[in-house]
Structure formats: C-alpha cells, structure tokens
Amino acid sequence: MADWRRLVRDIPDFPRPGIVFKDITPALADAGAFAAAVAEMIAPWRGAGLDAVAGIESRGFILGAAMAQALGTGFVPIRKPGKLPAATLAQDYALEYGSDRLEMHADALAPEARVLIVDDVLATGGTLQAALSLLRHQGAAVAGAAVLVELRALQARTRWREATPLLAAADL
C-alpha cells in the first residue's frame, strides 16, 4: 500500500475560500503509486461480472479508465453539463460549497448493465449519490462504488444507504 498521506496534498481555499481540496495528482505522477491505486481499487471487483466502469469527471476518468482496462470492461464517462455530444440524462446535486450537475449519454449502457462507479475522493458523498441516481435512471444495475481516498471526518459513508458496497483504497 502506498503512503497516501504523502501522495495526496492539501490545497487550501480551492475551489472556494474555506475548502481544503485533496489533490491526488502527486499519486498519479508517481508510477508505482498510480499502479498501486488501480490495483487496490480493482481487487474487490475482479470476478464481479461488471459490464462497465463509470468514472466521474475528472479524476474519476483517470482512475476509472485504468480500472476498466484492467477489469476488461467498457468505460462510461459521467461529466459536467454540456460536455457530451449526444442525448444525455442529467442529475443535479449539492456540494459542500454549492451545487452542480452530472450528465451521461442516454445510450451509454444496455439495460441492467452491471456498473461500478469510480471517483477519486469521497468527501460529502453528493457526487457519488448523483452518479448512482443517474445510472439507475438510465437502467443500470449498480454493483457498487470505489474511491481512492475517503475523508472519514466528513462522514459521507453514513449517507450511502445502499446495499451495494462503497470501498475506499485509503482513509485520510
């Protein structure tokens, strides 16, 4: 296991004053740490019969695409508004510093496709919940969610009231 405290840096007052952003780019820049992150995140999902990995913009794209390739599945991007060219489904959600919206292509998945949601950091849980709602609205069977880092002090896990697992490679 990598030393995640060393590889995830704090960026104070980003994107707004009072927010401490957890930046995983040092972990991504370290080849061994990046490989360890992907290996740790996919280990529980090997043999889970997944059809796709859905990565949340933007760092969830990096981790999710690598995981999809390693698991032999497709990759579905879940994006911020206005970034996808075809017909989309959308889900609004609250952030700790405002609100936002996620979108995915309406035809991204076959009905009942087994999907794993991937993001970089679990903070308040709003983004994961929005992705879950979006995928279920599309007709997917969500197998669970995986994040690289969980910020335990924010207690987002208590808001994940799903029967599906929510797994983190590291706690900070």
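Refer to the structure printed above.
Note that the coordinates shown come from a computational prediction; the quantities given were computed from them, not determined experimentally. All residue numbers refer to position in the chain's written sequence, counted from 1. Only residues with pLDDT of at least 70 get local features here, since the model is predicted, and only at 80 or more are side-chain atom pairs given and counted; chain-wide, interface and lining totals rely on the full set of residues. Only hydrogens and water are removed before side-chain values are computed, so all heavy atoms of the structure are retained for them.

**Examining the side chain of Thr-164**
To keep it simple, the criterion reads: Under the DSSP-based scheme used, a helix requires at least four consecutive residues in state H or I and a strand at least two consecutive residues in state E, with every element numbered from the N terminus. Only protein chains enter the calculation, and the probe is 1.4 Å; a residue is then buried if its accessible area is under 20% of its type maximum, exposed if over 50%, and partly exposed in between. Should any heavy atoms of two residues lie within 4.5 Å, those residues are counted as being in contact.
Along the chain, Thr-164 falls in the loop between strand S8 (141-150) and strand S9 (166-171). By relative accessible area, which is 15% here, Thr-164 ends up buried. With residues up to four places along the chain from it excluded, the contact list for Thr-164 reads Arg-136, Val-142, Ala-143 and Gly-144.

**As for the pattern of salt bridges**
Stated precisely, the cut-off is as follows: Salt bridges are defined by distance alone: a side-chain nitrogen of Lys or Arg within 4 Å of a carboxyl oxygen of Asp or Glu.
Scanning the entire structure with this criterion turns up eleven salt bridges. Here Asp-100 and Lys-80 are joined by a salt bridge, their closest N and O atoms 3.3 Å apart. Placement of the pair is Asp-100 in strand S6 (residues 98-105) and Lys-80 in the loop between strand S4 (74-78) and strand S5 (88-95), with a sequence separation of 20 residues. Taking the relative accessible area as the measure of exposure, Lys-80 reaches 26% and is therefore partly exposed. The closest approach of N and O atoms between Arg-157 and Glu-150, which form a salt bridge, is 2.6 Å.

**Observations concerning the sheet that holds strand S3 (residues 52-56)**
This is how the line gets drawn: DSSP bridges decide pairing: two strands pair if at least two such bridges lie between them. Each axis is a line fitted through C-alpha atoms, and for a helix only the stretch in contact is used; angles between axes span 0 to 180 degrees, taken between their N-to-C directions.
Spatially, the five strands line up as an open sheet ordered S4-S3-S7-S8-S9, and their pairing is parallel. Each having just a single partner strand, S4 and S9 make up the two edges of the open sheet. Averaged over all neighbouring strand pairs, the angle between strand axes comes to 20°, with direction disregarded. Relative to S9, S8 is paired through five bridges, and the arrangement is parallel. Within S9, the residue paired with Glu-150 across the bridge is Asp-171. Here helix H5 (residues 126-138) sits on the sheet and contacts S3, S4, strand S7 (114-122), S8 and S9; the angle it forms with S7, its principal contact strand, is near 165°.

**What about helix H3 (residues 31-42)?**
The criterion, for reference: The span expected for a helix works out to 1.5 Å for each residue beyond the first. The arc in question is the one spanned by the directions pointing from the helix axis to the C-beta atoms. Whenever two N or O atoms come within 3.5 Å, that pair is a polar contact, provided that in protein one can donate a hydrogen and the other can accept it, and provided that, for residues adjacent in sequence, both atoms are side-chain atoms.
Taking 1.5 Å of rise per residue, twelve residues should cover 16 Å, and H3 covers 17 Å from first to last C-alpha, within 8% of that figure. Looking at H3, one finds that the buried residues are Ala-33, Ala-37, Val-38, Met-41 and Ile-42. Each buried residue of H3 sits inside an arc of 155° when the element is viewed along its axis, so together they form one side. Structurally, H3 contributes buried residues whose contacts are with helix H1 (4-7), helix H2 (25-29), helix H4 (59-71), S7, S8 and S9. Capping the start of H3 is the job of one residue whose side-chain oxygen sits 3.0 Å from the backbone nitrogen of Gly-32: Asp-30.

**Side note on the nonpolar core**
What counts is decided by this rule: For this analysis, a nonpolar core means a set of buried residues of the types Ala, Val, Leu, Ile, Met, Phe, Trp, Tyr and Cys, connected via side-chain atoms within 4.5 Å.
Judged by nonpolar contacts, the single largest core of 30 residues is most densely connected at Trp-4, Met-41, Leu-63, Met-67 and Leu-148. Of all the secondary structure elements, the ones that give two or more residues to this core are H1, H2, H3, H4, S7, S8 and S9. Looking at this core, the element that brings in the most residues is H3, giving five residues. With near-sequence residues (within four places) excluded, Leu-63 lies in contact with Ile-24, Leu-28, Phe-34, Ala-37, Met-41, Val-118, Asp-119, Asp-120 and Leu-148. Core analysis: the next-biggest nonpolar cluster, separate from the first, contains 28 residues, Leu-95, Leu-122, Leu-135 and Leu-166 among them.

**Quick notes on the environment of Pro-85**
Residue placement: Pro-85 occurs in the loop between S4 and S5. Separated by 20 residues in the primary sequence, Pro-85 and His-105 have C-alpha atoms spaced 8.2 Å apart.

**A few points about the packing of aromatic side chains**
Rule in force here: Paired rings are identified among Phe, Tyr and Trp, the last through its six-membered ring, by centres lying within 6.5 Å, and are further divided according to the angle between planes into stacked (under 30 degrees), edge-to-face (over 60) and tilted (the rest).
The tally for this structure, following the rule as stated, stands at two aromatic pairs. Measuring from centroid to centroid gives 5.3 Å for Phe-14 and Phe-21, while their planes differ by 85°, and the two rings are edge-to-face. A ring pair is formed by Phe-61 and Phe-75, whose centres lie 6.1 Å apart and whose planes are at 85°; its orientation type is edge-to-face. Of the two residues, Phe-61 is situated in helix H4 and Phe-75 in strand S4; the sequence distance between them amounts to 14 residues. Residue class for Phe-75 comes out partly exposed when judged on its relative accessible area of 30%.

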